[in-house]
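# A closer look at the structure
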Amino acid sequence: MWESTTLALYFVILGLVILRHPNMFSHRYGRQHRIAGGIHLVWLVVGVGGTLGVIHVSPFLFDVCLSISGIFLTLTAANDFAVAHAKVRNPASGALEQDKTVSVSEMQEHVFYQGLNLIQILYLHWSAKREGSRAAYKSYCALFLVSSPWLFRKHFPVNSFSRNYANKTPTPTGIMYRLKKYQYLLYKHVLLHGLNISVVLSTNPSITQVVADPRFRLYWIGLNTAYVMEFFLQTLVKRKYMAQSTMLGLNQLLMVVSTAAALDIVLRVNMIAAITSLALNFINRGHDVINVGITTMLCMLAAAAET
């Protein structure tokens, strides 16, 4: 898969920058976060090696460790830089500008999404192992559980993304932010809610066993890389370890790879679920658990009408 090779190239370029400044992970200031970042980076590389077939790790072990590492990474960032970044107030979320400083609020928001990753991947692994004779109510209970973190979304900061480009003259960076917003909508309503619902309703192994599929493995690595690398690359720019143009180029490369890897999974998702979830996001905003329930029922009615 060309995406695996391209993602490996991404990490090779990043690795060359790190080799020139290896002490970036050993400074005393923010040491917990630096160590956590180094571990997370190595584990991502292990994942890329897995997609290339040169490293073999249990998918379940890899996924759980990656998610826990991601949670620890964001928690240490919010803790280690709480004082230094306490007065940072960004008008919008994102770190593509050269002079941008990540706020504590953004770090805390990412804790939520890292936790969401952990819960979804556990759900997908559980679903892949469930037997066809298993009681249906257990699957619906699992769907509720995997959606339930959204009940606590209000306890985490919300940083607007659209303010980076809304009502502004289009710029290359602004266009990238807009595309990232579209990627987020694709993720939330197709690859999160849509996929979770599809797993419950489908008997097709390409959906129920999706977590073991090489295409999904690649998508999952791309998603987790995208979650952390925008902030890391921006730090490298501020420390003058990397040029701004290189940072933007690597972000664009990652956007292309992660989107391409996701498309194959997108095509397997129940489109009624994805479209309904997106529509309810605007009609009944902020009520994701209820929206997932409504979407699931509509999909069941649509399936019954076809039989």
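Here, residues in each chain are numbered from 1, in the same order as that chain's written sequence. Where local features are concerned, this predicted model is filtered to residues with pLDDT of at least 70; where side-chain atom pairs are given and counted, the filter is 80 or more; whole-chain, interface and lining totals use all residues. Processing note: side-chain calculations cover all non-hydrogen atoms of the structure and skip hydrogens and water entirely.

## Some details on the packing of aromatic side chains
Only Phe, Tyr and Trp rings take part, Trp by its six-membered ring, and two of them pair if their centres are within 6.5 Å. Stacked means planes under 30 degrees apart, edge-to-face means over 60, and tilted covers everything else. The final tally for this structure, using the stated rule, is 14 aromatic pairs. A ring pair is formed by Trp43 and Phe62, whose centres lie 5.3 Å apart and whose planes are at 25°; its orientation type is stacked. Within this pair, whereas Trp43 is found in helix H2 (residues 31-52), its partner Phe62 is found in helix H3 (residues 59-80), the two being separated by 19 residues in sequence. Exposed residues in this analysis have more than 50% of their type's maximum accessible area, buried residues have under 20%, and partly exposed residues fall in between, with area computed by a 1.4 Å probe over protein chains only. Given a relative accessible area of 5%, Phe62 falls into the buried group. A network of ring pairs unites the aromatic residues Phe112, Tyr113, Trp150, Phe156, Tyr184, Tyr187 and Tyr227 as a single cluster. To sit over a ring, a charge needs its Lys NZ or Arg CZ within 6 Å of the ring centre and within 35 degrees of the ring normal. Stacked on the ring of Phe112, the Lys or Arg Arg153 has its end atom at 5.0 Å from the ring centre. In this arrangement the basic side chain of Lys188 is found over the ring face of Trp150, its NZ or CZ atom lying 4.5 Å from the centre. Numbering of helices and strands starts at the N terminus; helices are DSSP runs of H or I of at least 4 residues and strands are runs of E of at least 2.

## Thoughts on the nonpolar core
Here, the term nonpolar core denotes a set of buried Ala, Val, Leu, Ile, Met, Phe, Trp, Tyr and Cys residues that are joined through side-chain atoms within 4.5 Å. Counting 72 residues, the largest nonpolar core has Phe216 and Tyr219 as the members making the most contacts within it. With 12 residues, the single largest contributor to this core is helix H8 (residues 214-238). Every residue pair with non-hydrogen atoms within 4.5 Å of one another is taken to be in contact. The residues touching Tyr219, leaving out its near neighbours within four places in the chain, are Tyr187, Leu191, Ala261, Ala262 and Ile265. Counting seven residues, the second largest nonpolar core, distinct from the first, contains Ala78, Phe81, Ala95 and Val102.

## Some words on the side chain of Ser277
You can see Ser277 is positioned in helix H10 (residues 271-283). Discounting residues that sit within four places of it in the chain, Ser277 has contacts with His189, His193 and Thr295.

## A look at H10
A helix's residues, less one, multiplied by 1.5 Å, set its expected span. Taking 1.5 Å per residue as the helical rise, H10 with its 13 residues ought to reach 18 Å, and the 18 Å between its terminal C-alpha atoms agrees with that figure. For H10, every residue scored as buried is listed here: Ala273, Ala274, Thr276, Ser277, Leu280 and Asn281. For H10, the secondary structure elements touched by its buried residues are helix H6 (172-201) and helix H11 (288-306). Pairing of N or O atoms within 3.5 Å defines a polar contact, subject to two protein rules: one partner must be a possible hydrogen donor and the other a possible acceptor, and residues neighboring in sequence count only if both atoms are side-chain atoms. Measuring from the backbone nitrogen of Ile272 back to the side-chain oxygen at the start of H10 gives 2.9 Å, which picks out Asn270 as the cap.

## Digging into the confidence of the model for the chain
Residue-level pLDDT values for the chain average 91, and 98% of them are 70 or greater. A residue's pLDDT is the confidence the predictor assigns to it, expressed on a 0 to 100 scale. Confidence, expressed as mean pLDDT per element, reaches its minimum in the chain at helix H7 (residues 205-208) with 90 and its maximum at H10 with 96.

## A closer look at the pattern of salt bridges
Any Lys or Arg side-chain nitrogen found within 4 Å of a carboxyl oxygen on Asp or Glu counts as a salt bridge. Scanning the model with the defined rule gives seven salt bridges in all. Residue Arg268 is joined to Asp213 by a salt bridge in which the shortest nitrogen-to-oxygen separation is 3.0 Å. Within this pair, whereas Arg268 is found in the loop between helix H9 (244-266) and H10, its partner Asp213 is found in the loop between H7 and H8, the two being separated by 55 residues in sequence. Close ionic contact of Asp264 with Arg268 constitutes a salt bridge, the shortest N to O distance being 2.5 Å.

## Brief notes about H8
In this model, H8 (25 residues) spans 36 Å end to end at C-alpha, consistent with the 36 Å of a helix rising 1.5 Å per residue. What is called the bend at a residue is the angle between a pair of axes, fitted to the seven residues leading up to and ending at it and to the seven starting from it. The sharpest bend along H8 measures roughly 40° and falls at Met229. Most of H8 sits inside the fold, with 20 of its 25 residues counted as buried. Its side-chain oxygen 2.7 Å from the backbone nitrogen of Arg215, Asp213 forms the N-cap of H8.

## Here we look at the packing of H6 against H10
How two helices pack is summed up by the angle between their axes together with the distance between the axes. Each axis is a line fitted through C-alpha atoms, and for a helix only the stretch in contact is used; angles between axes span 0 to 180 degrees, taken between their N-to-C directions. Relative to each other, H6 and H10 sit at 125°, their axes nearing to 8 Å. Judged by the angle between their axes, H6 and H10 are oblique. Judged by the twist between their axes, the crossing of H6 over H10 is right-handed. In this structure, H6 contributes Leu185, Lys188, His189, Val190, His193, Gly194 and Ile197 to the contact, and H10 contributes Met271, Ala273, Ala274, Ser277, Leu278 and Asn281. Across the contact of H6 with H10, the residue classes tally to seven nonpolar, five polar and one charged. Just so you know how the angles are binned, under 35 degrees is roughly parallel, over 145 roughly antiparallel, 65 to 115 roughly perpendicular, and the rest oblique. We call a crossing left-handed when the near helix sits turned anticlockwise from the far one by less than a right angle, and right-handed when that turn is clockwise. In this classification, the charged set is Asp, Glu, Lys and Arg, the nonpolar set is Ala, Val, Leu, Ile, Met, Phe, Trp, Tyr, Cys and Pro, and all remaining amino acids, among them Gly, are polar.

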